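Observations on the three-dimensional arrangement
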Amino acid sequence: MPTVLATVADQDERGVAVNGKIAVVTGAAGGIGAVFADRLAGLGATVVRADIDHDAETDDRLHLDVADPGSWDRLRDLVHERFGPVDLLVNNAGISARTDLLTTTDEDFTRVLAVNAFGPWRGIRTFAEDLARTRGVVINVGSIYGVTTPPANADTVPASVAYQMSKAAVHQLTKIAAVELAPRGIRVNAVLPGVFRTPLLDHLPPAALDARISGAPMSRPGETDELANALTFLAGLESSFVTGVLLPVDGGYLAAS
C-alpha cells in the first residue's frame, strides 16, 4: 500500500489557517464526516459535529436533519450561542437508495434529493452571513458518480439514480455559489471522492466493490486520510485563490472513465 504523504503530524503550517476557527461538519457521526471532523479538530479548529444520529446532544455534537429548514435554523442559533460565527462549513451528510431508474420510488427519490442536494443549499444559506463576516470557506462533498456512472454488469448491484442526480446537483451548486459569493469573500469548493472503504459501501458484494476499485488506474480504494488531505488543502491558506473547483480524489477514476 503506498504511503500517505501528509498526515496531521506534519501539517502544522497548513493548520495555521484552521487553528482557532469554528467549523461545522454535517454527517459527522461516522464515516468520512467523522474523519473530516477529527482532522479539523486535530489542526486546532473548534468543530461542531452535526448529524441526524446525534439525539443525545453535547456542546459540540448537535442534532441536525439537513432536510429540515427548522433544524438548520436551530443549529445556527446553538452554534452562535456556544461558539460564535462559523468560519468553515463542510456539507458532507448524504444518503443513497440502491435502486435504478425504474425501481426507485417517489419516496426514496425525494428523500435522497432532500438530504444530498437541498441540505448543502440550505446549509450555505443558513451560514452565508457568518461566512461573509469571517471570509469563510464552504466545502461540499460531491462524488465521482455525479460525473460518471458506476460499472454495470452481472456482478454489480444497481447504482442509485437519485444519488447520482443529487451529487450532480451538488457540483452545480458549488460552482454557482462560488460565483455568487466570491464578492462577499466566501470560497466554495467540492471534493469528489472515488471509491473509499466507508459504511456507505459496506453492503456491496465483494465482486461489485472490486469492479469499482478496478475502474481507477491506481487499482486500490482510497484511504480516508487522503481525502482529509484534500479537505485540509481547500480549507487552508494554500488554496486562497481557489474557488468553484470540483476536486476529484479518486485514484484516476474519472480520467480513465
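My aim in this report is to walk through the structure given alongside it, one point at a time.

Calculation criteria
Residues numbered from 1 in each chain as written. Predicted model: local features only at pLDDT ≥ 70, side-chain atom pairs only at ≥ 80, totals over all residues. Heavy atoms only, no water. Helix = DSSP H or I, 4+ residues; strand = E, 2+ residues; numbered from the N terminus. Contact = heavy atoms within 4.5 Å. Areas by Shrake-Rupley, 256 points an atom, 1.4 Å probe, with all protein chains shown as cover. Phe/Tyr/Trp six-rings, centres within 6.5 Å; stacked < 30°, edge-to-face > 60°. Buried < 20%, exposed > 50% of the residue type's maximum accessible area, 1.4 Å probe, protein only. Core = buried A, V, L, I, M, F, W, Y, C linked by side-chain atoms within 4.5 Å. Axes fitted to C-alpha atoms, helices over the stretch in contact; angles between N-to-C directions. Left-handed = near helix turned anticlockwise from the far one by under 90°. Pairing = 2+ DSSP bridges. Expected span 1.5 Å × (residues − 1). Salt bridge = Lys/Arg side-chain N within 4 Å of Asp/Glu carboxyl O.

**Comments concerning the overall build of the protein chain**
Tallying secondary structure elements over the protein chain gives eight helices and seven strands in all. A separation threshold of at least 6 residues defines the contact pool for the protein chain, and within that pool the share at least 24 residues apart is 74%. Taken as a whole, the protein chain presents about 11,600 Å² of accessible surface, with 54% of it coming from carbon and sulfur.

**A word on the packing of aromatic side chains**
One pair of aromatic rings is described through two measures. These are the centre distance and the angle between the planes. Counting across every chain of the model gives three aromatic pairs. Ring geometry for W72 and F127: centres 6.3 Å apart, planes at 75°, overall edge-to-face. Within this pair, whereas W72 is found in helix α3 (residues 69–82), its partner F127 is found in helix α4 (residues 106–134), the two being separated by 55 residues in sequence. F127 shares its class with W72; the two are buried. Centre to centre, the rings of Y145 and Y253 are 5.8 Å apart; their planes meet at 90°, and the pair counts as edge-to-face.

**Structural notes on the nonpolar core**
Counting 26 residues, the largest nonpolar core has V24, L75, V79 and F127 as its most contacted members. Where this core is concerned, the elements lending two or more residues are β1 (22–26), β2 (46–51), α3, α4 and α5 (161–181). Among the elements that make up this core, the one with the highest residue count is α4 (five residues). If near-sequence neighbours (up to four positions away) are discounted, L75 is found in contact with V24, V48, A50, L62, L64 and F127. Membership of the second largest hydrophobic core comes to 25 residues, among which are V18, L88, V137 and A230.

**Observations concerning the packing of α3 against α4**
Closest axis-to-axis distance for the α3/α4 pair is 10 Å, and the angle between their directions is 35°. Considering how the two elements wind past one another, α3 and α4 form a crossing that is right-handed. Residues P69, W72, D73, L75, R76 and H80 of α3 form the contact with α4, whose participating residues are F118, G119, R122, G123, T126, F127 and D130.

**Quick word on the sheet that holds β1**
Read from one edge to the other, the open sheet built from seven strands follows the order β3-β2-β1-β4-β5-β6-β7, with strand pairing classed as parallel. Both edges of this open sheet fall to β3 (61–63) and β7 (246–249), since each of them pairs with a single strand only. Strand after strand, the sheet turns through a mean of 20° between neighbouring axes, direction not considered. Of the strand pairs in this sheet, β2 and β3 are connected by three bridges, and their pairing is parallel. Along β3, the bridge assignment pairs D51 with H63. Where helix α2 (residues 31–42) meets the sheet, it contacts β1, β2, β4 (88–91) and β5 (137–141), and its direction lies at approximately 165° from that of β2. Packing against the sheet, α3 makes contact with β1, β2, β3 and β4, and its axis sits at approximately 150° to β3.

**Considerations on the environment of D100**
Position of D100 among the secondary structure elements: in the loop between β4 and α4. Residue classification places D100 among the partly exposed positions, given a relative accessible area of 33%. In the structure, D100 is positioned 60 residues away from S160 in sequence and 5.6 Å away in space, judged by C-alpha atoms.

**A word on helix α7 (residues 224–235)**
Along its 12 residues, α7 runs 16 Å from first to last C-alpha, staying within 8% of the 16 Å computed at 1.5 Å per residue. For α7, the full list of buried residues reads E226, L227, A228, N229, A230, L231, T232, L234 and A235.

**A look at the pattern of salt bridges**
Side chains that differ in charge, positive against negative, can pair when their charged atoms come close. The full count for this structure, using the stated rule, is 10 salt bridges. Linking E57 and R74 is a salt bridge whose minimum nitrogen-to-oxygen distance equals 2.8 Å. With E57 in the loop between β2 and β3 and R74 in helix α3, the pair connects residues that are 17 residues apart, well separated along the chain. The class of E57 is partly exposed, set by a relative accessible area of 30%. When its relative accessible area of 38% is taken as the criterion, R74 is described as partly exposed. Two residues, R61 and D60, come together in a salt bridge whose shortest N-O distance is 3.6 Å. Classification of R61 as partly exposed rests on a relative accessible area of 33%. According to the relative accessible area criterion, D60 is partly exposed, its value standing at 25%. Taken together, the salt bridges that share partners define one network made up of D73, R76, D77 and R122.

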